[in-house]
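For reference, the chains in residue letters:
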Amino acid sequence: MDLGLRDRVALVTAASKGLGRASADALAAEGAKVVICARGAEALEEAAEGIRAAGGEVSAVPLDVTRPDAPAQLVRTAVDTYGRLDVVVGNAGGPPPGRALEVTDEVLEAALQANLLTSIRLVREAVPHLREQRWGRICLITSVTVRQPEPVLAASNTARTGLWAWAKTAADDLFDDGITVNLACPGTHDTDRVRQLGGRPARLGDPADFGKVVAFMCSEPARFISGVALGVDGARVAGLL
Ligand code: NAP
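Keep in mind that this is a model prediction, so the values were computed, not measured.

Basis of the calculations
Residues numbered from 1 in each chain as written. Predicted model: local features only at pLDDT ≥ 70, side-chain atom pairs only at ≥ 80, totals over all residues. Heavy atoms only, no water. Pairing = 2+ DSSP bridges. Helix = DSSP H or I, 4+ residues; strand = E, 2+ residues; numbered from the N terminus. Axes fitted to C-alpha atoms, helices over the stretch in contact; angles between N-to-C directions. Disulfide = S-S within 2.5 Å. Buried < 20%, exposed > 50% of the residue type's maximum accessible area, 1.4 Å probe, protein only. Contact = heavy atoms within 4.5 Å. Phe/Tyr/Trp six-rings, centres within 6.5 Å; stacked < 30°, edge-to-face > 60°. Lys NZ or Arg CZ within 6 Å of the ring centre and 35° of its normal. Expected span 1.5 Å × (residues − 1). Bend = angle between axes of the 7 residues up to and from the residue.

Visitor: Is there a simple way to think about the sheet that holds strand β6 (residues 179-186) in this case?
Guide: Across a sheet, paired strands are connected by hydrogen bonds in the backbone, their directions being either parallel or antiparallel. Read from one edge of the open sheet, seven strands run β3-β2-β1-β4-β5-β6-β7, paired in parallel fashion. Bordering the open sheet on either side are β3 (58-62) and β7 (229-232), each of which pairs with just one other strand. When the angles between neighbouring strand axes are averaged without regard to direction, this sheet yields 15°. Direction of pairing for strand β1 (residues 9-12) relative to strand β2 (residues 33-38): parallel, over a ladder of four bridges.

Written out as structure tokens, the structure is:
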């Protein structure tokens, strides 16, 4: 199947490791030029080298994506470097664990910054470019907790369900401009984040598979899929950790 991504330009945030990196790898493997970011320069360069070694084109920007000015900077990098922007995969690190009545204002505010506002800002910055060409794909990496809250991840549950509500609304507003907006909602995958959280996940997904699902959601033939929160979770009904 031709995903129609050759020479498209994709921005993938928080992409030096884990699910973001796997998404960038999959998009680059389909022929998209990718702009990636992460805070740690060393792992970011390693990820970029991996894409280049596989024959892909990539620009790596060492940057904290939760900074309010970061989305504008990243969109500008894509447009200045490659002349256009077609695909946005929004991702950021996940909040620390904590139950609903334990979570502090500081933790909630950080989660809302990273896992709600950052994605909204990214979409806002990208949309003028996507609208102009009447083609765009936006895929926001969130969590299966959008559908079933995880008791020990209250801050994450709160920010991600907010993003789902916003994205569903935006999807309707943008569809007639040729722009789709979807959420990719991972269950437990074999990444640093899951290893750090601990627990004993019953099922572990392969990040590389997840990245390919994201690439499909950003593809040409996925043009009629919008406003969807797609669980990539191995049929999990409870107990992320
Ligand atoms: P991961 O393996 O820890 O990788 C996180 C990546 O994001 C790294 O490249 C990291 O690089 C980058 N990053 C983190 N904070 C950033 C920031 N502020 N600015 C720029 N880059 C940043 O995490 P993951 O497992 O792939 O998870 C990705 C997202 O999916 C998280 O929000 C996580 O909560 C969510 N999720 C994951 C799973 C799972 O099973 N893995 C399940 C449900 C939800 P630097 O640290 O160098 O910046």
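Visitor: Help me out: how do you make sense of the state of the cysteines in this one?
Guide: Cysteine pairs can be linked by a disulfide, which is a covalent bond between their two sulfur atoms. If you walk through the whole model with that rule in mind, you get zero disulfides. Between Cys139, a free cysteine, and Cys218, which holds the nearest cysteine sulfur, the sulfur-to-sulfur gap is 4.8 Å. You can call Cys139 buried: its relative accessible area is 0%. Counting only cysteine sulfurs, Cys139 is the nearest neighbor of Cys185, a cysteine outside any disulfide, at a range of 8.6 Å.

Visitor: Could you clarify how one ought to interpret the environment of Leu108 in this entry?
Guide: Following the sequence through the fold, Leu108 ends up in helix α4 (residues 105-133). Setting aside anything within four residues of it in sequence, one finds Leu108 in contact with Val103, Ala155 and Thr158.

Visitor: Looking at this structure, I do not really get the packing of aromatic side chains. What am I missing?
Guide: Two descriptors summarise a pair of aromatic rings, namely the distance from one centre to the other and the angle between the planes of the rings. A complete count under the given rule lists one aromatic pair for this structure. A ring pair is formed by Phe175 and Phe224, whose centres lie 5.8 Å apart and whose planes are at 70°; its orientation type is edge-to-face. With Phe175 in the loop between α5 (154-174) and β6 and Phe224 in the loop between α7 (207-217) and β7, the pair connects residues that are 49 residues apart, well separated along the chain. What makes Phe175 partly exposed here is its relative accessible area of 29%. It is Arg8 that lies over the ring of Trp135; its NZ or CZ is 3.6 Å from the centre. Taking the ring centre of Trp135 as reference, the NZ or CZ of Arg137 above it sits at 4.1 Å.

Visitor: Sorry, what's going on with α4 here?
Guide: Given 3.6 residues to a turn, an α-helix orients residues that are three or four positions apart in the same direction. Spanning 29 residues, α4 covers 41 Å between terminal C-alpha atoms, matching the ideal 42 Å at 1.5 Å per step. At Val127, α4 is bent by approximately 40°, the largest bend along its length, and proline Pro128 sits one to four residues beyond. Phi turns positive, to about 50°, at Arg134, one or two residues after α4.

Interpretation in functional terms is not warranted from these geometric data alone.
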